[in-house]
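Chain by chain, the residues:
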Amino acid sequence: MTLLSLQNMKTQIGQYHVLHDISFEVPQGGVFVLLGRNGAGKTTTLRSIMGLWQPQPGSVTFKGKDISTLATADIARLGIAYVPENMGIFGGLTVEENLVLATAKGRFDQTRLRRIYTLFPALEQFWTKQAWSLSGGQKQMLAVARAIIEPRDLILIDEPTKGLAPSIVAAMGEAFREIAQDTTILLVEQNFNFARSLGRDMAVIDDGRVVHRGTMADFAADTDLQGQLLGLSA
Ligand SMILES: Nc1ncnc2c1ncn2[C@@H]1O[C@H](COP(=O)(O)OP(=O)(O)OP(=O)(O)O)[C@@H](O)[C@H]1O
Ligand SMILES: [Mg+2]
């Protein structure tokens, strides 16, 4: 089943036409990976889905409903969470406070909280610490935890492994695999090895257009295509 569908999405930021033609379908379940060089339009695509930029009306369908003209808060309420590249956490608040603020009613569902502790033990350990004092990886874990503290159908995650040590990246991968059992993840990544280890379906964006769509297995096997679209050397 298709969870999210982008059909010829175009987004203009001020006078700049940034996205020209973004079309792909994210099936329900698992991890869908969006790849592309710097400045290709990956973040703009996530922001357009979330209503933070206004995409072309009619171009974004979530669970069969056109969401392209909805306000961001209404899109979030339908079951989409967004973990931006700067993570969107509050440095001056504790881990607990950051998570409480991400709940719908200001209190925790204990089952979900226990799941977060299991996924990210560091968050339980540093529960009363202010977020600024966490390591980069722990901050990223907190950002993801905020996205799943309420039940969601889809989470959009922008470059979560940027600047993290390999051991932390591996732990993050394990957590994403677990989360993707019941929540679809749309993952933007520049770390191709990480993306390859998680993704089932994928698309590549270049200059505001989708230039490739397919399975990760096929793309991972085609080093020529990787070189051509991402500038990766074999
Ligand atoms: N607020 C803005 N105003 C004007 N142009 C913008 C704005 N945000 C992004 N752009 C432009 O849109 C294009 C796509 O940017 P975007 O941030 O979506 O790329 P990206 O694929 O996420 O890149 P990166 O890998 O560096 O994060 C770039 O050319 C960028 O300069
Ligand atoms: Mg970006």
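For clarity, every value in this text was computed on a predicted model and none was experimentally measured.

S.K.: Which parts of the structure should I look at to understand the site of ligand 1?
M.R.: Neighbouring ligand 1 are 15 residues, the closest being G39, K42, T43, T44 and Q190. Within the side chain of T43, a nitrogen or oxygen atom sits 2.8 Å from an oxygen atom of ligand 1. Take Q190: an N or O atom from its side chain is 2.7 Å from an oxygen atom of ligand 1. For ligand 1, the accessible surface in isolation is 640 Å², of which the surrounding protein chains cover 62%. Taken together, the elements giving at least two residues each to the shell around ligand 1 come down to strand 2 (16–27) and helix 1 (42–49). When residues of the shell around ligand 1 are assigned to their parent elements, the largest contribution, three residues, is made by helix 1. The residue makeup of the shell around ligand 1, split by class, is five nonpolar, six polar and four charged.

S.K.: Teacher, can you tell me more about the pattern of salt bridges here?
M.R.: Oppositely charged side chains can form a pair if their charged atoms are brought close together. The final tally for this structure, using the stated rule, is eight salt bridges. Measuring nitrogen to oxygen at the nearest pair gives 3.4 Å for the salt bridge that ties D201 to R200. Residue R200 is classed as partly exposed on the basis of its relative accessible area of 43%.

S.K.: What exactly am I supposed to notice about unusual backbone geometry here?
M.R.: For residues that are not glycine, phi is negative in most cases, and the peptide bond is trans in most cases. At K63, a residue that is not glycine, the phi angle is positive and equals roughly 50°. By the element assignment, K63 lies in the loop between strand 4 (60–62) and strand 5 (65–66). In this structure, D207 takes a positive phi of about 45° despite not being glycine. Looking at where D207 falls in the secondary structure, it is placed in the loop between strand 9 (201–206) and strand 10 (209–215).

S.K.: In this structure, what is going on with the nonpolar core? I would like to understand it.
M.R.: Taken as a class, soluble globular proteins show a tendency for nonpolar side chains to be buried jointly. Counting residues in hydrophobic clusters, the biggest one holds 52 residues, and the most contacted among them are L35, F120, F176, I179, I185, L187 and F219. Looking at which element gives the most residues to this core, the answer is helix 6 (residues 136–148), with seven residues. Not counting chain neighbours up to four residues away, the residues in contact with F176 comprise V144, I157, P160, I185, L187, F194 and L198. L34, I67, V188 and A203 belong to the second-largest nonpolar core, a separate cluster that totals 27 residues.

S.K.: Please clarify how the environment of T215 should be interpreted in this entry.
M.R.: One can find T215 in strand 10. The spatial distance from the C-alpha of T215 to the C-alpha of G199 is 8.1 Å, given a sequence separation of 16 residues. Residue contacts for T215: discarding those within four places in its chain leaves R200, D201 and M202.

S.K.: Help me understand the pairing of strand 9 in this model?
M.R.: Consecutive side chains of a regular strand alternate in pointing toward one face of the sheet and then the other. Pairing analysis gives four bridges linking strand 3 (residues 31–35) to strand 9, with the strands arranged parallel. Opposite L34, over in strand 9, you have A203 as the bridge partner. Across six bridges, the pairing between strand 9 and strand 10 is antiparallel. Paired with V204 across the bridge in strand 10 is H212.

Parameters and conventions
- Residues numbered from 1 in each chain as written.
- Chains lettered and ligands numbered in written order.
- Predicted model: local features only at pLDDT ≥ 70, side-chain atom pairs only at ≥ 80, totals over all residues.
- Heavy atoms only, no water.
- Near = heavy atom within 4 Å.
- Polar contact = N/O pair within 3.5 Å; in protein donor to acceptor, adjacent residues only side chain to side chain.
- Areas by Shrake-Rupley, 256 points an atom, 1.4 Å probe, with all protein chains shown as cover.
- Helix = DSSP H or I, 4+ residues; strand = E, 2+ residues; numbered from the N terminus.
- Nonpolar A, V, L, I, M, F, W, Y, C, P; charged D, E, K, R; others polar.
- Salt bridge = Lys/Arg side-chain N within 4 Å of Asp/Glu carboxyl O.
- Buried < 20%, exposed > 50% of the residue type's maximum accessible area, 1.4 Å probe, protein only.
- Core = buried A, V, L, I, M, F, W, Y, C linked by side-chain atoms within 4.5 Å.
- Contact = heavy atoms within 4.5 Å.
- Pairing = 2+ DSSP bridges.

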